[in-house]
Each structure stands twice: as structure tokens, then as C-alpha cells.
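Here is how the chains run, residue by residue.
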Amino acid sequence: MKQHRFPVILLGLLFIIGNMKADGGDVLERVIRLPRMKGTVYALLGKVSEQSGYLFVYDSKVVNNDAVVKTKGQKCTVRQAIYEIIGNKALELKVIGQHILILPPAERVVRTEKPPVVIQLAFSTITGVLRDKETGEPVPNASVIIQGTSIGNVSNKDGEFRLHLPDSLKSSNLSFSHLGYMAQSIEAATLVGRDNVLNLEPKVVPLQEVLIRLVEPKKLLREMLERREENYSLDPVYLTTFYREGVQLKNKFQSLTEAVFKVYKTSLKEKNAFDQVKLLKMSRIDNRESTDSLVAKIRAGIQACLQLDIMKDLPDFFSVDAVDNPYVYTSGDIAFIDDRCVNVVYFEQRHTVKEPLYCGALYIDSENGALVQARIEMQPKHIKKATRIFVVRQAPKVNLTAQKIVYTISYKPWNGTYYIHHIRGDQYFRMKRKRAFFSNPILHTWFEMVTCRVDNENVVRFPRAERLPTRTVLAEEEYKYDKDFWEDFNVIPLEEGLSKIIEQVALKIEKIGPQEE
């Protein structure tokens, strides 16, 4: 049967307080019924949110999210309910838009004859965690974007996010969004300097809307491809991206490599043209002993991220009208991303096809036909046969077997044009050592890249001397991790578990600075 191509390559919350009128201020005096129950502060504030219709935003250093408290069943105002749950009447409450902001007590202003000189920083930092309003679970891979700009980031697996933004943009609104949740628009200045906890509210789709929007899946894909040049860039652009790749064995950290790239992204019109990468900065942690031998080389990494821009490099499962198309397509679901309705198209290989191909879900904007998100997985039924596709080389005494291969891809619009936003790949392999009968650990390799900025002015190709070969195995470069190295660049925060492991590793710090132009 014809070999079907798919890219795999070598690894190695609030509005401006001063300028906008806070609506709904009397909500704090609204009478609700506080239930008699025992639970966490988060769960009890959720009960208040259900009755008031307002979401909470607070600093995790001010409000202990996980503290367990008891409440008496009684009628009281929203204000009284909040104070009883938190146990601190000195906290300040402000209602902005559809949010109730819980603040520390206002600090007293000490007047002096000569006011102190305030040094304005060039950048401000916003940090926090995004949680599901109903369950309290973290929301991973949520988009955090400054509205009206191409600057943004994503939350990590623990729902944590970090965003550095120029002080000139502090008065801008931040947009928080994720598949299946209502998007939130929140003023940046309100969140600066706090460890914010923000809730995303699940989006419920009415049944009538689902029935009305049922569409033939192949028709959706054809329309998506027909409108490809309307929705995606016909001109080359620069993308400033944050890249990370890591290896874990037996759930133990082995290595982590991070880098900042400037990517020359070719246009849709350029045939057989390849994206280019320029390395701006890089760091690495290696937890392996110097005597450790190479276990394996896995297909993943920089070039995979570039090729996973599937609206530029079209994969085989988009060839809906091909005579030998091995895929079947179904639809029926709709979802919401950034408060826009999207049609979901599912695809999987035909039962008669025995070679390892892909399955997954494609999320297509119902109005403009743009692909905004995709989840792609190697068919689980044939995953073991896919080992040869991903494992380039392995040690003589080691046998790897693929267990799960999955990619997630998202696009975001800027000035009416969609650009690649976030790519994540996770690859799991069962590792069996010869003559070891009871130890078959899981080897997990992963990589991700997020676009932090888009520039479309004076875009030219990089000089040959400045290009980083896209097949470069960053994990083989001799550079170490420096927690202060990234300065004001927008990186994805490390997950708590990985961060704790890294703190236990003795580090020798080396780094690359920005290359000279």
C-alpha cells in the first residue's frame, strides 16, 4: 500500500478600573443562601458564584484556595458570604464587569515632603492559574493573548501561565480561552504583581443549535481548503517562538532543553520552500550520568514543529477526494473556541487499512472555514507497528515499543489572518531491556512550541551563517539551564512536578545570548 506522509523528524481578569465604570456593584449586597457544608474555599466560592452569576479573581497568596472551612446554612449578602468563607473581613472586594476581585487591605499612603522617585520598569509580569469553574481542575494549554496584538502564551499542564508585557500595554485587555470554555477578557493592569486564580466557565451548547449545524464532514474539509488562502498568510512572516523539549524515563526527569527561535515562516504561495530558524537563546538541563550510553534517538523536535503547521504542509488526511484515501470522516459535534462556534470533524483510518496511520479531531470555524485547532493521534490499534517510524536508532540491549503518539495544534487570528499558535507532541514508548524480565519502564519524549509574537514587516530570509539546521538535535548541545536566563521573554512555566525535580539537580550554568544581527 502507498506510504502516507505525515511530518515526523529527529529529536534529539478584569477591565480598567480607572477608565471603565464598574457595573453590577450592588451584587455584593445581593441576598443569597449560603449552604451548610464543609468544603474548600474554592468549592464554597463556587457556590456563591452559582447564585450571583459572578466569577472570582484573587491572589493565591491572599486567599488559601485549598483551605477547608465549614459554613452555616443561612441567608446573607454576597459580601457576608465571601467574608465567612475566607475568614478575613479586612480584605477589599471590588466588582468589575462580571468578576468579583478579592484584594488585600488597601495600604496606607504615607505623605512625605519629597515624594520618592518611582522607577518605571520596562516590563510587567502577570502570573496565575486557570481552573475549571465547575470542577476546580487546572485548564492546560489555554491561550493567554493580549487583545489587538500578536503577543501571547499558553498555560502549562498545571494550568499555570506567565506573561511578560511592555508597560505600554498594561492598559490592554488579556484574553483567556480554551476549547469548550467561555472566553474571558480581563484588564492586564489589574492582574500585575499577583498570583492570580481565574475560573473558566464551561460553554454549554444548546441541543437546538447542535441539530441546526450538522454538516457533511467532507464538505467542511473542502470548504476549509478552498478558503485556505483567505484565512492564512500569503506573505512570509517572522515568528518569535519559545521551544521546549524533554525526556522522562520511569517518570523521572532525564533532560530538558529550552530555546527562543526567530522563525522565517514561508507563505502558502511558496512551493517546496522551507521555513528557516534562527537561534536567539538556549539553555539545557541534563540529569543523566556522564557514563550513561545512548538509549535511542526518536523522531520529533524542531523540524516536526515546523512540519506540524498542517495548514501550510497539508497532510494526507486532508485529501478527502483522493481515489486511494484511506480515511473515513464523521461529524456531529460543535464546540466553542474564543466564543466562536466551531464544527468538529473526526477522522480515522478505514478498518481495511492495516498500516499505522492517524486518527483525530479537526475544529473548523463555522463562519469563515478556518481550521483553528487539531488533535492528531497515531491509531492506537496499530500503534506498535509505528515504532519503526519514530525510533531512528536504539541501543543493542534495548527494545522500544510505541505506546502512544499524540499531537495538538492550534491557530490564532491576528489582523484577520491566522497564524500557527501552539504545537505540542507527546510520544510514549515501552522500554524493555534484554534479560530484564520485570522492568519495562515508559520512556516519554515531548516537545512544544508557542508563538509569542508575529512580525510582518521587512521580512527577509536569514543569511546562511545565521540559520540553525532544523534537524539539529538540541539535546546534544552542551548548554545548561539558568532560571534567570529568560529575563522578560514569554516562556511556558514549568509544571510543578518537573520544577521540583529540576531543583534537586546540581546545575552548571552556561548559556547562549542573542546572536548579533
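Structure: see above.
Residue positions are given per chain, counted from 1 along the sequence in the order it is written. Local features in this predicted model are restricted to residues whose pLDDT is 70 or higher, and side-chain atom pairs enter the listing and the counts only when it is 80 or higher, whereas totals over whole chains, interfaces and linings include all residues. Side-chain descriptors were evaluated using all non-hydrogen atoms of the structure, hydrogens and water having been removed beforehand.

*Asks:* Lay out the overall build of the protein in plain terms, naming residues and giving numbers.
*Replies:* Check the secondary structure of the protein and you find nine helices and 26 strands. Classification of residues uses two cut-offs on accessible area relative to the type maximum, computed with a 1.4 Å probe and protein chains only: under 20% is buried, over 50% is exposed, and between them is partly exposed. The 517 residues of the protein split such that 53% are buried. Carbon and sulfur atoms provide 50% of the accessible area of the protein, an area that totals close to 25700 Å². Numbered from the N terminus, helices here are DSSP runs of H or I no shorter than four residues, and strands are runs of E no shorter than two. Accessible surface area values rest on a Shrake-Rupley calculation with a 1.4 Å probe, where residue burial reflects the displayed protein chains alone.

*Asks:* Describe the pattern of salt bridges, and please don't skip the residues or the numbers.
*Replies:* Salt bridges are defined as contacts in which a side-chain nitrogen from Lys or Arg sits within 4 Å of a carboxyl oxygen from Asp or Glu. Applying the stated criterion to the full structure yields 19 salt bridges. Between K61 and D195 there is a salt bridge whose closest N-O contact spans 3.6 Å. Taken together, the positions of K61 in the loop between β3 (55-59) and β4 (68-71) and D195 in strand β14 (residues 195-200) put the pair 134 residues apart, joining distant regions of the chain. Given a relative accessible area of 69%, K61 falls into the exposed group.

*Asks:* Would you mind going over helix α5 (residues 217-226) in detail, with residue names and values included?
*Replies:* Among the residues making up α5, those that are buried are P217, L220, L221 and M224. The arc that holds the buried residues of α5, viewed along the axis, is 95°, so those residues lie on one side. The term polar contact refers here to a pair of N or O atoms within 3.5 Å; inside protein, the definition further demands a hydrogen-donor-capable atom paired with an acceptor-capable atom, and it admits residues adjacent in sequence only when both atoms are side-chain atoms. With a side-chain oxygen lying 3.1 Å from the backbone nitrogen of K218, the N-terminal cap of α5 falls on E216. Directions are taken from the helix axis to each C-beta atom, and the arc is the one they span.

*Asks:* Could you give an account of the side chain of S410, naming the residues involved and the relevant values?
*Replies:* Along the polypeptide, S410 turns up in strand β24 (residues 398-414). In this description, contact between two residues means that some pair of their heavy atoms is separated by no more than 4.5 Å. The residues contacting S410, other than those within four sequence positions of it, are V372, Q373, Y419, I420, H421 and H422.

*Asks:* Outline the pairing of strand β22 (residues 371-378), supporting the account with residue identities and numerical values.
*Replies:* Within β22, six of the eight residues are buried, which leaves the element mostly enclosed by the surrounding structure. Note: strand β21 (residues 358-365) against β22, seven bridges, orientation antiparallel. The partner of I364 across the bridge, within β22, is L371. Taking the residues that link successive antiparallel strands as the turn, the β21-β22 hairpin has five residues, and the phi of G369 there is positive, at about 75°. At least two bridges found by DSSP between two strands are what make those strands a pair. By the bridge criterion, five bridges tie β22 to β24 in an arrangement that is antiparallel. In the sheet register, R375 faces β24, and the bridge partner there is T408.

*Asks:* An account of the packing of aromatic side chains is needed here, citing residue identities and associated values.
*Replies:* Any Phe, Tyr or Trp ring, taking Trp's six-membered ring, that has another such ring centre within 6.5 Å forms a pair; planes under 30 degrees apart are called stacked, those over 60 apart edge-to-face, and the others tilted. Going through the model one piece at a time under the given rule, you end up with 13 aromatic pairs. Aromatic pair F317 and F318: ring centres 5.3 Å apart, planes at 85°, arrangement edge-to-face. Note on F318: relative accessible area 3%, which makes it buried. Ring geometry for Y327 against F347: centres 5.9 Å apart, planes inclined by 75°, an arrangement best described as edge-to-face. With Y327 in strand β19 (residues 327-337) and F347 in strand β20 (residues 340-349), this pair connects stretches of sequence that are 20 residues apart. Judged on exposure class, the residue Y327 and its partner F347 are both buried.

*Asks:* Residue-level account of the sheet that holds strand β7 (residues 99-103), with values.
*Replies:* The pairing of strands in a sheet comes from backbone hydrogen bonds and takes either a parallel or an antiparallel form. One open sheet accounts for six strands, arranged β6-β7-β3-β14-β8-β11; its pairing is mixed. Of all the strands in the sheet, the pair left with one neighbour each is β6 (92-96) and β11 (160-166). Geometrically, the sheet is characterised by an average inter-axis angle of 25° between neighbouring strands, direction not taken into account. Both β3 and β14 contribute to a ladder of three bridges, which runs antiparallel. Looking across to β14, one finds that D59 is bridged to N196. Packed on one face of the sheet, helix α1 (residues 41-52) meets β3, β7, β8 (123-132) and β14 and runs near 145° to β3. Axis definition: a line fitted to C-alpha atoms, over the contacting stretch in the case of helices. Angles run 0 to 180 degrees between N-to-C directions.

*Asks:* Requested: an account of empty space enclosed by the protein, with residues and values cited.
*Replies:* Buriedness of a pocket was judged along seven lines, with at least five required to meet protein on both sides within 12 Å; pockets are open sets of points on a 1 Å grid over the protein atoms alone, cavities are sets where a 1.4 Å probe fits but cannot get out, and lining residues have an atom within 4 Å of a point. Grid points are joined across faces, edges and corners, and a volume is the space filled by probe spheres set on the points. In this model, the largest cavity occupies a volume close to 140 Å³. Forming the walls of the largest cavity are 15 residues, and the residues nearest its centre are Y232, S233, K265, D309 and Y418. For the lining of the largest cavity, the leading source of residues is strand β25 (residues 417-433), giving three residues. In this classification, the charged set is Asp, Glu, Lys and Arg, the nonpolar set is Ala, Val, Leu, Ile, Met, Phe, Trp, Tyr, Cys and Pro, and all remaining amino acids, among them Gly, are polar. The residue inventory of the lining of the largest cavity, partitioned by class, reads nine nonpolar, three polar and three charged. A volume near 110 Å³ is recorded for the second largest cavity.

*Asks:* Would you mind going over the packing of α1 against helix α2 (residues 78-86) in detail, with residue names and values included?
*Replies:* Two elements in contact, α1 and α2, have axes separated by 10 Å at closest approach and are oriented at 175°. In terms of orientation, α1 lies roughly antiparallel with respect to α2. On the side of α1, the interface is formed by V41, L44, L45, V48 and S52, while α2 contributes V78, A81 and I85. Classifying every residue of the contact of α1 with α2 by side-chain character gives seven nonpolar, one polar and no charged. The scheme is simple: roughly parallel for angles under 35 degrees, roughly antiparallel for over 145, roughly perpendicular for 65 to 115, oblique for anything else.

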